[in-house]
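Notes for the structure review
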Amino acid sequence: MRISIKWLRELVEVKLSPEDLAETLTMAGFEVEDIEDRRTWADGVVVGRVLERQSHPNADKLSVCQVDVGTGETLNIVCGAPNVRADIYVPVATVGTYLPNIDLKIKPAKLRGVPSNGMICSLKELGLPSDVDGIHIFTQENLQLGSDVRSLLGLDDVILDVTATANRADALSMVGIAREVAALTGGKLTIPEPVEVSIPQGAGNLAIKIADTQACPAYIGTVIKQVKIAPSPEWLQQRLRAAGVRPINNVVDITNYVLLEWGQPLHAFDGDRLQSVAGSEKLTIGVRFANAGESLKTLDGQTRTLSTQNLLITANDKPVALAGVMGGAETEVHEGTQNLVLEAALFDSVAIRRSSRSAGLRSESSSRYERGVNRAGLEIATRRALSLLTELAFGKLETQEIADTRPDPSTWTRSIELRLDRVNQVLGPIDLGEKNGELQSEDVERILTALSCQLSPIEERTWMVTVPPYRYRDLEREIDLIEEIARLYGYDRFCDTLPEKSEAGYLPFEQEILRKLRAAFRAKGLTELMHYSLVKPGEDRQIVLANPLFVEYSALRTDLISGLIDAFQYNLEQGSGSLNGFEIGRIFWQEENGLQEADAIAGIMGGDPTSSKWTSSGREQPMTWFEAKGILESVFQLMGLQVEYQPDCRDRRLHPGRTASLWLGGSRLGVFGQLHPQLQQEKNLPDAIYVFQLDLDVLLDALDQDEILVPTFKPYSTYPATDRDIAFFAPVKVTVAEIEKVINKVGKDLLESVELFDQYRGEHVPQGQRSLAFRLIYRASDRTLTDAEVEPVHQKVRDTLVEKFGVSLRS
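Below is a short write-up of the structure. None of these values were measured; they are calculated from a predicted model. (Residues numbered from 1 in each chain as written. Predicted model: local features only at pLDDT ≥ 70, side-chain atom pairs only at ≥ 80, totals over all residues. Heavy atoms only, no water.)

Within a sheet, adjacent strands bond to each other through the backbone by hydrogen bonds, running parallel or antiparallel. Spatially, 24-28-27 is the arrangement adopted by the three strands of the open sheet, whose pairing is antiparallel. Pairing within the sheet leaves two strands with one partner each, and these edge strands are strand 24 (415-419) and strand 27 (454-459). Taking each pair of neighbouring strands and ignoring which way they run, the sheet shows an average axis angle of 30°. Relative to strand 28 (residues 462-466), strand 24 runs antiparallel, the two being bridged by five bridges. Following the sheet pairing, Ile416 is matched in strand 28 by Val465. The sheet contacts of helix 11 (residues 420-427) involve strand 24 and strand 28, and relative to strand 24 the element is tilted by about 70°. Helix 13 (residues 478-489) contacts strand 24 and strand 28 of the sheet and is inclined by roughly 65° relative to strand 24. (Pairing = 2+ DSSP bridges. Helix = DSSP H or I, 4+ residues; strand = E, 2+ residues; numbered from the N terminus. Axes fitted to C-alpha atoms, helices over the stretch in contact; angles between N-to-C directions. Contact = heavy atoms within 4.5 Å.)

Given below as C-alpha cells:
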C-alpha cells in the first residue's frame, strides 16, 4: 500500500524523517519497498499567470505567451499546449529547473526562431496522472505569483510503498498504519471520528435479502437522493493520486477514499439504473452465489461468464455486481447520476478469494476482503462515507436498510493469557549495553498498551490480555502476543546467542546409507532417475486423487518399475540408446485397513554392456541374466549383505522362468527378473531387459547392524588352501542357492568358499534333472590342512547332499 507521509501526519504525530520512518516500519515487519520523494519532482516550478497569448509566426501549433512569475520581469515562453490562453494561472518551470520525470533541464532556447525562457507544465510532466491533454490550469483562488506549486499539487509529500504481511489485514489502511506508527514511535493518534448521521429507516422502497449469511454476515444499504456529480475537491484528488488511485468524480472518489482511510470497501450504485435493471421501483438488494452460466459485465468493460463460486449482488435477483470484487457496468455512477444506493458490507474471506480466482479478477476491494475486513469498523466507515457524500456531493439521506447476522459485539474481541516467563523463554535475553538482561513487566505492559490491548493481571508475572477488534484475526494465541512484543521492542535489541559447545555435524543413518547406495549403483554404471509420483489411473490398488490437476496424472504410483520401463522406451525412441538407471522414491497403495506408503529402490538394465563392438563384428550382444544379476550382487557385496534368491512368478510383467524374489534374513527384500517377452514386444524393446525393485525399509533394517556399519578386519590366512570338486545329478526343482546353503552349513569350520563352475542339461542327463559341478575351497588360518582332515568333511558334504536332496553323485 502507498502511504502518503503528508496524510499520515494528520492521523498520527510523526517526528521521524521519511527514511527513518521507513527503517522503523521495515524492522517491525512492514517492508518498505520504495521511498518516492515527490518534493524533487517540481523543485523550481512556480505559479505563473499568462498575460498574453499569440500565435507563433512560424508554427501553427505553437503559441507565444507572456508569463508573469512574480519577479517583476515578464517571461517570453513558447508553448505547444492547445489549452493555453490569456489570464490563467499555470505551473511554470523557470530556467535552471530540472524535471526528473521527463529528465529535462530547462534552459534558454529558441523554438522556430522565437526565444523561450521557461516551460509551462502539464501534470504529466510533473509526474502526476492526468486525463487533460495540455497544460495544468489552477482553479484555486488568490494564488500568489512566484509561489511554490508543490503545496498546490500535493508534491510537498513523500510516499512510502509499504508491503503488509498476509495476516495484517488492518495494515491495508491509513488508520491501520497510523496505529502502527503510534505504537512504534509513541506518537499521538488523532484519528477522525466520523460524525453521526440521521437516516430514516424502513421508510423507502429498499429491502435487503441475504441468501447465505455465512458468505455475507452484514450488509448496509443506504439510499441517497439529489446528489450532484462533479470533480472532487483538490485535497481529495491529491490524496487519491498519492495512493496511486485515479480520481473519477466526487462519489466514486469518496468510496475509494474511505477504502484507503479505513480499509472498508464500499460501492455506490446508480439508483435509477438499479431500478431499471430490477424492472421495478421497489428494490430488493440480494446477496447469493451465481448460477452456472450467468453473466455480468463488470466495470472494466468485460462480460464475464460466472460459476457457482462467484458471489453476487443482485437487484430483484438480477446480477448487478461481483460481491467484494467489482461492480457492474450497467449500474455504475456516471455524470448524470442523481440518486445513489451505497453498499457497505462484510463478506467471508474464503468466499471472496474463490470468487476472485474463479473470475480471474483481483481488485483493491477483493485484496482486503481476502485478508479479512474488521467487522467492528463497518458502521464507522459507513458514517464516514455518508458524511462526505452529504458534504461534497450534496446528497440527501433518504433511507437505510441493514441485514446483520454478526455475533454479539462482546465476541469481537478475545482474551489471551500471557506469561512473562514464557515471553523471556521464547525471546531470550536482551542487550542492555554492558550486560544482558530480560524483558520486565513494564516493558510488556508498555508495548501491548501501545497496541491498544488491555492488560489485567491475574497473578504475578501473568496477565489476561484483551486484543482490540481490528486485531482479532491475527492475535489468537500467546505466541502471537510474544511476536508483537519482539516486533515492537526491536528484533535488533535481542542478543545473538550460540550453543555453549559446538559439535561436528553428522548425517543421520538413513541419509548416510542412501548416499552409499547411490554411490554403489552409480559405480556400476547406473544413472539415477527421478519420476513424478503421479501417474495415469487404472491399475489395481491405486490411490486416486479427489482433485487432480490433470486427468493423466490423477493417481499415485504403486511401484517404480513401470516408470523405469517407460523411461527406457522413451530413451530408445529418442535415439539415445539403452538406459541403465535406478530410482529411489515412494510408492503408495490401498489395502483393506487403509492407505499405505513405503520407500523403494528400483532399477532397469539392458543392452550391450560392452563399450565397443569390434570383438563381436559390430553386432549387439544382449546383457545376460547373470551379468544383470552380477550388477545387483556387487552392490549387495559392497554393502555387506548376503541376499538369497528364490524362484518367483507373481509379477506378470516379468519372465516366469527368469524371475527371483530376494530375501534378507527371512524378510522379503524385493524382486529381480527379466521383462516378459510379450511386454517387450508391446513396448518395442530390445532383447533381455532386466528390472529389480527393493523394499528400502527392509534394506535399511538389515544394514543397521554394527558388524555391517563398522566391519571388523579379519586377517588373511598365510597357509595354502586345498580344493575339491564335487559333481552330481540334481532335480531341477532344487535351486543352487539351497545346495550352497547346505554345503556351507556342513563344512563351516574348514570350508572357505563354494563356487558353481558347471551346469549341463541334455544327453546322458536323466529326465527332470541337471548336472551341477561345484568347487569347494578348504583352508585353515593356523596350519596347512592335510588330506586326513579334509576328506571327512568333504565326505560329509557328499553324504548330506544325497540324504537331503537325493542327488546322484558323479565324482
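This is not the end of the story, as more comes after the structure.
Now for the packing of aromatic side chains. Per the stated rule, a full pass over the model turns up eleven aromatic pairs. An aromatic cluster of three or more residues is present, and its members are Trp625, Phe626, Phe672 and Tyr690. Positioned above the aromatic ring of Phe394, the side-chain terminus of Lys228 is 5.9 Å from the ring centre. Cation over ring: Arg775 sits above Phe757, and NZ or CZ is 4.7 Å from the ring centre. (Phe/Tyr/Trp six-rings, centres within 6.5 Å; stacked < 30°, edge-to-face > 60°. Lys NZ or Arg CZ within 6 Å of the ring centre and 35° of its normal.)

Let us look at the nonpolar core. Core analysis: the largest hydrophobic core is formed by 92 residues, its most contacted members being Leu8, Leu160, Tyr219, Ile313, Phe347 and Leu389. Other than its neighbours up to four places away in sequence, Leu8 contacts Ile3, Val14, Leu21, Met174, Ile177, Ala178 and Val181. With 36 residues, the next largest nonpolar core counts Ala520, Leu526, Val635 and Ala660 among its residues. (Core = buried A, V, L, I, M, F, W, Y, C linked by side-chain atoms within 4.5 Å. Buried < 20%, exposed > 50% of the residue type's maximum accessible area, 1.4 Å probe, protein only.)

Next up on the list: helix 21 (residues 787-805). With 19 residues, helix 21 extends 26 Å from end C-alpha to end C-alpha; this agrees with the ideal 27 Å at 1.5 Å per step. Those residues of helix 21 that sit buried are Val790, Val793, His794, Val797, Arg798, Leu801 and Phe805. The arc that holds every buried residue of helix 21, seen down its axis, measures 145°, which confines them to one face. Opposite the buried face of helix 21, by more than 90 degrees, sit the exposed residues Ala788, Lys796 and Glu803. Those residues of helix 21 that are buried are in contact with strand 39 (722-731), helix 20 (736-746), strand 41 (769-778) and strand 42 (808-809). Just past helix 21, the residue Gly806 takes up positive phi, approximately 65°. (Expected span 1.5 Å × (residues − 1). Arc of directions from axis to C-beta.)

For the rest of this paragraph, the subject is the environment of Ser753. Residue position: Ser753 is located in strand 40 (residues 751-760). C-alpha of Ser753 to C-alpha of Arg775: the two residues are 22 residues apart in sequence and 8.2 Å apart in space. For Ser753, the contacting residues outside a window of four places in its chain are Arg775, Leu776 and Ile777.

As a further point, take a negative patch on the surface. The grouping of Glu510, Asp697, Asp701, Asp704, Asp706 and Glu707 at the surface amounts to a negative patch. Of note, Asp704 is situated in the loop between helix 18 (696-703) and helix 19 (706-709). (Patch = residues over 30% accessible without salt bridge, like charges linked within 9 Å, V, L, I, M, F, W, Y side chains within 5 Å. Areas by Shrake-Rupley, 256 points an atom, 1.4 Å probe, with all protein chains shown as cover. Salt bridge = Lys/Arg side-chain N within 4 Å of Asp/Glu carboxyl O. Lys, Arg positive; Asp, Glu negative; His and termini not counted. Charge placed at Lys NZ, Arg CZ, Asp CG, Glu CD.)

Where helix 11 contacts helix 13, the two axes come as close as 10 Å, and the packing angle between them is 65°. Of the two possible hands of crossing, helix 11 and helix 13 adopt the one that is right-handed. Contacts between helix 11 and helix 13 involve Arg422, Val423, Val426 and Leu427 from the first element and Glu478, Ile479, Ile482, Ile485 and Ala486 from the second. Each residue belonging to the contact of helix 11 with helix 13 can be placed in one class, and the counts come to seven nonpolar, no polar and two charged. (Left-handed = near helix turned anticlockwise from the far one by under 90°. Nonpolar A, V, L, I, M, F, W, Y, C, P; charged D, E, K, R; others polar.)

Below, the discussion takes up the pairing of strand 36 (residues 654-664). Relative to strand 36, strand 35 (residues 644-647) is paired through four bridges, and the arrangement is antiparallel. In the strand pairing of strand 36, Tyr645 is matched with Leu662. What sits between the antiparallel neighbours strand 35 and strand 36 is a turn of six residues. The sheet contact formed by strand 36 and strand 37 (residues 667-675) spans seven bridges and is antiparallel. Directly across from Ala660, in strand 37, lies its bridge partner Phe672. Between strand 36 and strand 37, which pair antiparallel one after the other, the connecting turn spans two residues, and Gly665 there sits at a positive phi close to 55°.

To continue, consider unusual backbone geometry. We note that Arg112 has phi near 55°; this positive angle belongs to a residue other than glycine. Within the element layout of this structure, Arg112 appears in the loop between strand 9 (109-111) and strand 10 (114-116). Positive phi is not limited to glycine here, since Gln226 has a value of about 55°. Following the sequence through the fold, Gln226 ends up in the loop between strand 14 (218-225) and helix 5 (234-242). The class for Gln226 is partly exposed, based on a relative accessible area of 47%.

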